Amino acid sequence: MQILLNGQPVETEATELAGLLREQQIDITVVACAVDGQFIAKSGYTALDLQEGMRIEALSPMQGG
């Protein structure tokens, strides 16, 4: 299925958010995610089923200032 990950179209075989992040080699422990504009708690990464066309933003915290 195709989803948008950080604004880029991605073809995935994953069925849930955690699987997509692993597939894309994104470290689940240090990323925050929003799906279709809604924040998803880390505890929900394995429960959230992916659907065609979802918009997912995966962001890593950055230090600076």
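See the structure above.
Residues numbered from 1 in each chain as written. Predicted model: local features only at pLDDT ≥ 70, side-chain atom pairs only at ≥ 80, totals over all residues. Heavy atoms only, no water.

Side note on the overall build of the chain
Point 1. Each helix and strand in the chain was counted, giving one helix and five strands.
Point 2. Mapped in sequence order, the helices and strands of the chain form the string β-β-α-β-β-β.
Point 3. When its C-alpha atoms are laid out on the principal axes, the chain stretches across 40 × 25 × 20 Å.
Point 4. Per-residue burial for the chain yields a buried fraction of 34% across its 65 residues.
Point 5. In the chain, the share of contacts with a sequence separation of at least 24, taken over all contacts with a separation of at least 6, comes to 49%.
Point 6. Carbon and sulfur atoms make up 51% of the accessible area of the chain, which totals about 4,300 Å². (Helix = DSSP H or I, 4+ residues; strand = E, 2+ residues; numbered from the N terminus. Buried < 20%, exposed > 50% of the residue type's maximum accessible area, 1.4 Å probe, protein only. Contact = heavy atoms within 4.5 Å. Areas by Shrake-Rupley, 256 points an atom, 1.4 Å probe, with all protein chains shown as cover.)

A closer look at the pattern of salt bridges
Point 1. Here the structure, examined in full by the defined rule, presents two salt bridges.
Point 2. For the salt bridge of Arg 22 with Glu 16, the shortest nitrogen-to-oxygen distance reads 3.4 Å.
Point 3. Relative accessible area serves as the criterion here: at 51%, Arg 22 is assigned to the exposed category.
Point 4. Asp 36 is paired through a salt bridge with Arg 55; the nearest N and O atoms lie 3.8 Å apart. Of the two residues, Asp 36 is situated in the loop between strand S3 (32-35) and strand S4 (38-40) and Arg 55 in strand S5 (residues 55-59); the sequence distance between them amounts to 19 residues.
Point 5. Looking at Arg 55, the relative accessible area reads 45%, which means it is partly exposed. (Salt bridge = Lys/Arg side-chain N within 4 Å of Asp/Glu carboxyl O.)

Observations concerning the side chain of Glu 16
Point 1. In this fold, Glu 16 is placed in the loop between strand S2 (8-11) and helix H1 (17-23).
Point 2. Among the polar contacts made by the side chain of Glu 16, one reaches the side chain of Thr 15 at a distance of 3.3 Å. (Polar contact = N/O pair within 3.5 Å; in protein donor to acceptor, adjacent residues only side chain to side chain.)

Observations regarding the side chain of Thr 12
Point 1. Among the structural elements, Thr 12 can be located in the loop between S2 and H1.
Point 2. Look at Thr 12 and you get buried, because its relative accessible area is 1%.
Point 3. Side-chain polar atoms of Thr 12 contact the side chain of Glu 23, separated by 2.6 Å.
Point 4. The contact partners of Thr 12, leaving out residues within four places of it in the chain, are Met 1, Ile 3, Leu 20, Glu 23 and Leu 50.

Digging into the sheet that holds S5
Point 1. Pairing is mixed across the open sheet formed by five strands, whose spatial order is S2-S1-S5-S3-S4. Only two strands of the sheet have a single neighbouring strand rather than two, namely S2 and S4. Sheet twist, expressed as the mean angle between neighbouring strand axes with direction ignored, is 35°.
Point 2. As paired strands, strand S1 (residues 2-5) and S2 are joined by four bridges and run antiparallel to one another. Across the sheet, residue Leu 4 finds its bridge partner in S2, namely Pro 9. (Pairing = 2+ DSSP bridges. Axes fitted to C-alpha atoms, helices over the stretch in contact; angles between N-to-C directions.)

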